[in-house]
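Close look at the chain arrangement
Spelled out from the first residue to the last, the chains are:
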Amino acid sequence: MKPAITYELLHEDKNTGARRGVVHTPHGDIQTPIFMPVGTQATVKSITPEELKEEIKAQIILSNTYHLYLRPGDKLVKEAGGLHKFMNWDRPILTDCGGFQVFSLSDLRTISEDGVEFKSHLDGSKHFFSPEKVMEIEENLGADIIMAFDECCPYPSTYEYTKQSMERTTRWAIRCKEAHKNTEKQGLFGIIQGGFYEDLRKQSLEDLVKLDFPGYAIGGISVGEPKEEFLKVLKYTAPLMPKDKPRYLMGVGTPDYLIESAIAGIDMCDCVLPTRIARNGTAFTSKGKVVVRNATYERDWGPLDDECDCYTCKNYTRAYIRHLVKTNEILGVRLLSMHNLRFLTKLMERVRIEIENDNLLNFKEEFYKKYGYTN
RNA sequence: GGGUCUUUGGGUGAGUGGUUAAAACCGCCAGACUGUAAAUCUGGUCUCUUCGGAGUUCCCUGGUUCGAAUCCAGGAGGGCCCA
């Protein structure tokens, strides 16, 4: 029986750990390294699936177990024919497991060996997520790639806490694997934890690799740590991940983090940042972040980014977008979201080419210089 | 012409003798945002400042008081009623 998710390595960059590959899924292939837009509530906020495909050129998107379980309910999504049909997206989908909500809703939950009790952020009602429950929900949602239930530790956390949390996450991963039945249509990824401790990361990775998941993720970074800390964990963890499986770094990120991740040998990243900062009036550009809401762009008749090929940059000025943002018009949100998403998918298209040409390191230098990153 | 009510910072609008440079909201100016409790959140928004403070404010003028945006008198603008 063919597994739902397989990885094909096409080329390795000669100067870095970067890999150019393809992830095969039941809803088609994704070219890696890739940036995956986040659509928490079965929608990438303000963007239609058609725009995601045609303008943004997204190959896969994320959605979220916790949020869809609460609303509209995973059973309803199943009744609709699954997430793909429900939201009219026929390309691959990855569902996150709710482990990030264990982190971000920390005031509203309690963790035990068996699972996590949440008080809904919507109405205060109590809900219990066990690894088995999460698998049931994710099977009902029907994404191509589903994530094992984990705990994402805050930064900083003590060694002791991180260790026992990581070990519990591994035990939960075992239970997820046992509970996951729909292995022909869904690939279950294990999530490496261990915080900012090298030996814990290694331990987590080793234990999960023994379980032979079709893919592995690094979780628990990009949680507010300084960049050096992020890079350290990335650099000692990613190279140890299996070469024949997709490697997913959760919650990243900014353009520099995406490039660093690719260099470290990561295949997949996701982040809410492009759509969130769009809603807050900011654009990624090849010359750095532009807070287009600011007064200095009041009479800026140029595009957000003169090197960008997106719908927004082809048609609208900074001055107009600033006006839309200032007047709280929804088109402003949409135009900025389209641009930011396209900026990152295009960045990764370029990263793929540079890997093929063994030139990623030079590209990074060039990109950093123009963007204004110091490192 | 008479009576009556009213006038606060860019706007709306609290405040009726003393921690009031003056609530709140809006606007404006910035900052943050990384597996989305986020079209959100935080800070600033009279003037000057060596960031410790200093100075000048609540339509205008004069007064009462130790002390006034707050009380009194007159004036100016606005609303309503009567002629």
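Up top you'll find the structure we're talking about.
Residues numbered from 1 in each chain as written. Chains lettered and ligands numbered in written order. Predicted model: local features only at pLDDT ≥ 70, side-chain atom pairs only at ≥ 80, totals over all residues. Heavy atoms only, no water.

Side note on the pairing of strand S3 (residues 28-32)
Note that strand S2 (residues 19-25) and S3 share five bridges and pair antiparallel. Across the sheet, His 24 pairs through a bridge with Asp 29, a residue of S3. Linking two consecutive strands that pair antiparallel, namely S2 and S3, is a turn of two residues. (Pairing = 2+ DSSP bridges. Helix = DSSP H or I, 4+ residues; strand = E, 2+ residues; numbered from the N terminus.)

Regarding the sheet that holds strand S9 (residues 126-129)
Strand order in the open sheet made by the three strands is S7-S8-S9, with antiparallel pairing throughout. Each edge of the sheet is formed by a strand with only one pairing partner; in this case those strands are strand S7 (109-111) and S9. Here the strands of the sheet are splayed against their neighbours by 15° on average, with no regard to which way each runs. Alignment of S7 against strand S8 (residues 116-119), held across three bridges, turns out to be antiparallel. Its bridge partner lying in S8, Ile 111 is registered against Val 116. (Axes fitted to C-alpha atoms, helices over the stretch in contact; angles between N-to-C directions.)

Describing the packing of helix H9 (residues 227-237) against helix H10 (residues 255-264)
Relative to each other, H9 and H10 sit at 20°, their axes nearing to 10 Å. Judged by the inter-axis angle, H9 sits roughly parallel to H10. Crossing angle aside, the handedness with which H9 passes H10 is right-handed. Packed against H9, whose contacting residues are Lys 227, Phe 230, Leu 231 and Leu 234, the element H10 presents Asp 256, Tyr 257, Glu 260, Ser 261 and Ala 264 at the interface. Split into classes, the residues belonging to the contact of H9 with H10 amount to five nonpolar, one polar and three charged. (Parallel < 35°, antiparallel > 145°, perpendicular 65-115°, else oblique. Left-handed = near helix turned anticlockwise from the far one by under 90°. Contact = heavy atoms within 4.5 Å. Nonpolar A, V, L, I, M, F, W, Y, C, P; charged D, E, K, R; others polar.)

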